[in-house]
Structure formats: C-alpha cells, structure tokens
Amino acid sequence: MQDDTPASWAPEAAPGPTAVRERALEIRFTGSGSEYFRIWVVNLLLSIVTLSLYRPWAKVRRLRYFYANTLVDGHALDFHGDPRKMLRGYLLAGLMLLSYSAAGRFSPVAALVALLILAVLWPALLRASMQFRLANTSWRGLRFQFSGTLDGAYRAMLPLFIPAIALGILGLGVTDPAHPPSWYLPYFGLTMLATLALMPLAWWNFKRFQHDNFNLGQWRTKLATGPGSVYGLSLRLFGVWIGSTVAVMVILVILGVVVGAVAGVGGRSAWMHDRGLMGVLIMAATLLFYFLALIVPVPYAISRSQNLIWGHTRSDEAWFLSTLSFEAMLKLTIRNWLLMVVTLGLYYPFAAVASYRLRVESITPQLAGDLDQVVAQSAAHASDASGDAAGDLFGIDIGL
C-alpha cells in the first residue's frame, strides 16, 4: 500500500554566515489505562446520574489528564477550560439539534427551514469551538490560538450542508414517501453521487480552514497540500474497502457452506427450523460482515489521513513529520475491539489510552532555530490568551 507520509521538508535557511539549526521535538505520552480507568468510571457514572449534564466536567477531567501526560520536548500540555462555560455551549448545541429533529416530525418545509437555520449558525459555532479549545490549551506557559475568520468558517462549512439542503428541497415535491414520483429517484441518485464526488474536496476545505489558522505566539501554520492528494487518498481508501468487503463475503460464504455441510451430514437439525434462532444468526452474520468490512478501512483512513494532513502542516519556524503505521494501527484496532468485546466494554479506557499514545507519539514537530529563544519571542508577541469573545462567552467546545 502506498504511504502518504510526505518527504522530509524544511524551510530554506536565510542567507548569512549562521546556518539554521534544526531540532526534532519528541512527543511522549506517560499516561496509563489503569489511571484513566478511574477517571472514566467516575465520569460515566456521574454523567448517567445527571442525565449527561456532567459531561462538560467529564470532558475537562479527561482533557486535563491526557494533556498533562502529553510531553512535548519534556514539557506537558495543559487545559484551562471552564466546565461551567462549556455547559452553556453543550446546552446551546443540544437545543439546536433537538429543534432540527423536532421540526422534521412536523413537515418537510419545517425540516428544511430548520436545516437552513442550522447551516447559518453552525459554522460560527464551530469556529467558536476551535477558538475556545485552543485558547484554553497551553504549552510552556503559552496559549495556543485559532485565528480563523468568520467568513472563512462559512466558506469551509457551508459546502457540507449543500447536499442535505438539496435533498430537503427535493423532498418538498414528495407527498407520499412510500410512493415517490418517478423523477425523485434519479435526482436522489444524482445528488448522492455528487455528494460522494465532492466529499473529499469538502473535507480538504475544512481541514485547510483548521490547519491554516493554528497559532502559538507569532507562529501560524499552513496546510501545504491541495485537494488532489485527498482525492488520491480517497480512491485508495475506496479500493481498500472494496477489497475488504470482497474478502469478508468470501469468508462468510465459506463458513455458510461449511455449516450447511455439517448440518446435512447430521440430518436437518432442529435449529434450522427455528425461525427465531435463524433470524438471530442472520443478524449476527450481518453485524459480523459490517464489522469485518470496516476493521481494515478505518485504521487505513486514520493512519493515512493523519500522515497526509499533519505531514503537510508547517510554518516558517516549524513543521511536522507524521509516521503513523497502518499495520500498527490495524493490529491495535483488532486488539482493542477483541478486548472490549471480551470485557463487555470495560476495556474502553485502556483502548483509548493505547490509541492516543500510538497516534500522538507518531508525530514529530521539527523546529528551526533555538527553542528557548523562539518561546521567549512568542511570549513577547503573544496576544490576549482569553480567546475570542464568542467562544469564551459560550464555552462552545463540540469536540473538534
């Protein structure tokens, strides 16, 4: 399989007698599954008891644990978010989603109006979310910042709503969903094909909005890759998915033949006449099919997309190398899922820690120049770390 890890890149040295000294910053995660398990259990129980109102406090505890154990060049990250402000953001986002869901139960027109309102407000909320998260994240006493503009957020997010809006408009001409008019299915199919064709472009556009606006002091990153690389990755991912699906279908057919042969040798068993049991077996086989069909493509997408995006994120002072191995991600994914099934989900905190460690330790920031001098200059030029007023006011953090 083709690797999407970019070749090593460095900024050109400025002319002069002194050459730029390059330095790699090691990222190391020191947390453990057993430590996070205790945090996770408390968060889960309190979220259930409070009907999810404790979730902002749970998220702050989780982020502070992971950040405090993420060392960049020996210095830990820190998270300073206020869970009370985050609660307002959760309630606002939840109210919007509930309103959209409720509107869909009344009429297609109400659903379309709610979707349009959501499309108008959501980019601003996501921008505020990213501003809040980075403004409350620090390293060596410096707060990160997100400098994306409001119009940039709309340019990045509105294309993601166009397919849903188009389908909503088409739905206005359908009075009986069980018997749609003859023109509806062709238009629906064309809309879905257009959506699939534009998804890589929309994803690249959104990632460019994110990675073009990460700031630490006077540093500002930029995503130095175009949509063509994302389309190439999407095509390879589609090929991996097709191959996995075919392989799983062959395995299930072979198993079906073997089971049928064994049942035929022993005579028709009673379980073959039990429709309820057969239904359960068919459902289990269907779930197994979907699970096995995704067990390879998902780690492939995670590893290759991380290498592609972070490997092309850079500024004049720093750049990144990402060497997340697909094979390592696949092995870890299979191991995590098997242990979560065996432990009925109790292994999840250990799986989360293992996945985070593998992903974050595969990224290596590369720095040009003296680190202490750069940090001192960043501190001198750093703007107010309180973050954007809207993001800080509502505490909007939706998990980006």
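In what follows, the accompanying structure is described.

What counts and what doesn't
Residues numbered from 1 in each chain as written. Predicted model: local features only at pLDDT ≥ 70, side-chain atom pairs only at ≥ 80, totals over all residues. Heavy atoms only, no water. Helix = DSSP H or I, 4+ residues; strand = E, 2+ residues; numbered from the N terminus. Buried < 20%, exposed > 50% of the residue type's maximum accessible area, 1.4 Å probe, protein only. Contact = heavy atoms within 4.5 Å. Areas by Shrake-Rupley, 256 points an atom, 1.4 Å probe, with all protein chains shown as cover. Pairing = 2+ DSSP bridges. Axes fitted to C-alpha atoms, helices over the stretch in contact; angles between N-to-C directions. Core = buried A, V, L, I, M, F, W, Y, C linked by side-chain atoms within 4.5 Å. Expected span 1.5 Å × (residues − 1). Polar contact = N/O pair within 3.5 Å; in protein donor to acceptor, adjacent residues only side chain to side chain. Phe/Tyr/Trp six-rings, centres within 6.5 Å; stacked < 30°, edge-to-face > 60°. Parallel < 35°, antiparallel > 145°, perpendicular 65-115°, else oblique. Left-handed = near helix turned anticlockwise from the far one by under 90°.

1. Focus: the overall build of the chain
So, step 1. Along the backbone of the chain there are 13 helices and 12 strands.
So, step 2. Looking at the chain as a whole, 38% of its 400 residues are labelled buried.
So, step 3. Across the chain, every contact between residues at least 6 apart in sequence was considered, and the portion connecting residues at least 24 apart equals 76%.
So, step 4. For the chain, the accessible surface area stands at approximately 22,100 Å², while carbon and sulfur atoms represent 69% of it.

2. Section: the sheet that holds strand S6 (residues 142–146)
So, step 1. What the seven strands build is an open sheet, ordered S2-S3-S4-S5-S6-S7-S8; its pairing is antiparallel. Each edge of the open sheet carries a strand with a single partner, namely strand S2 (27–29) and strand S8 (219–220).
So, step 2. Helix H4 (residues 108–135) rests against strand S4 (75–79), strand S5 (137–139), S6 and strand S7 (214–216) of the sheet, and its axis sits at about 170 degrees to S6.

3. Describing the nonpolar core
If you look at soluble globular proteins, the nonpolar side chains tend to sit buried side by side.
So, step 1. Within the largest apolar cluster, 29 residues are counted, with the highest numbers of intra-cluster contacts made by Tyr36 and Trp139.
So, step 2. Contributions of two or more residues to this core are made by S2, helix H1 (33–49), helix H2 (55–68), S4, strand S11 (318–322), helix H11 (348–361), strand S12 (363–368) and helix H12 (371–381).
So, step 3. The element contributing the most residues to this core is H2, with five residues.

4. Quick look at the pairing of S11
So, step 1. Burial within S11 is extensive, with four of its five residues counted as buried.
So, step 2. The pairing of S11 with S12 spans five bridges and is classified as antiparallel. Looking across to S12, one finds that tryptophan 319 is bridged to glutamine 366.

5. Some words on the pairing of S6
So, step 1. In this sheet, S6 lies alongside S5 in antiparallel orientation, the contact comprising two bridges. Its bridge partner lying in S6, serine 138 is registered against arginine 143.
So, step 2. Between S5 and the antiparallel strand that follows it, S6, lie two residues; arginine 140 among them carries a positive phi value of about 55 degrees.
So, step 3. Inspection of the sheet shows S6 paired to S7 by three bridges, in the antiparallel sense. Following the sheet pairing, phenylalanine 144 is matched in S7 by leucine 216.

6. Some words on helix H3 (residues 83–103)
So, step 1. In this model H3 runs 30 Å from its N-terminal to its C-terminal C-alpha over 21 residues, within 8% of the 30 Å that 1.5 Å per residue would give.
So, step 2. For H3, the set of buried residues is Pro83, Met86, Gly89, Ala93, Met96 and Ala103.
So, step 3. The distance from a side-chain oxygen at the start of H3 to the backbone nitrogen of arginine 84 is 3.0 Å, and the residue carrying that oxygen is aspartate 82.

7. Examining the packing of aromatic side chains
So, step 1. Considering all chains together, one arrives at 18 aromatic pairs under this definition.
So, step 2. Relative to tyrosine 356, the ring of phenylalanine 66 has its centre 4.9 Å away and its plane inclined at 70 degrees; by these criteria the two rings are edge-to-face. Of the two residues, phenylalanine 66 is situated in helix H2 and tyrosine 356 in helix H11; the sequence distance between them amounts to 290 residues.
So, step 3. Among the aromatic side chains, those forming a connected cluster through ring pairs are Phe29, Tyr36, Tyr65, Phe66 and Tyr356.

8. Structural notes on the packing of helix H9 (residues 297–311) against helix H10 (residues 326–342)
So, step 1. Their axes nearest at 9 Å, the elements H9 and H10 cross at an angle of 140 degrees. Comparing the axis directions of H9 and H10 gives the class oblique. The handedness of the crossing between H9 and H10 is right-handed. Residues Pro299, Tyr300, Ile302, Ser303 and Arg304 of H9 form the contact with H10, whose own contacting residues are Phe326, Met329, Leu330 and Thr333.

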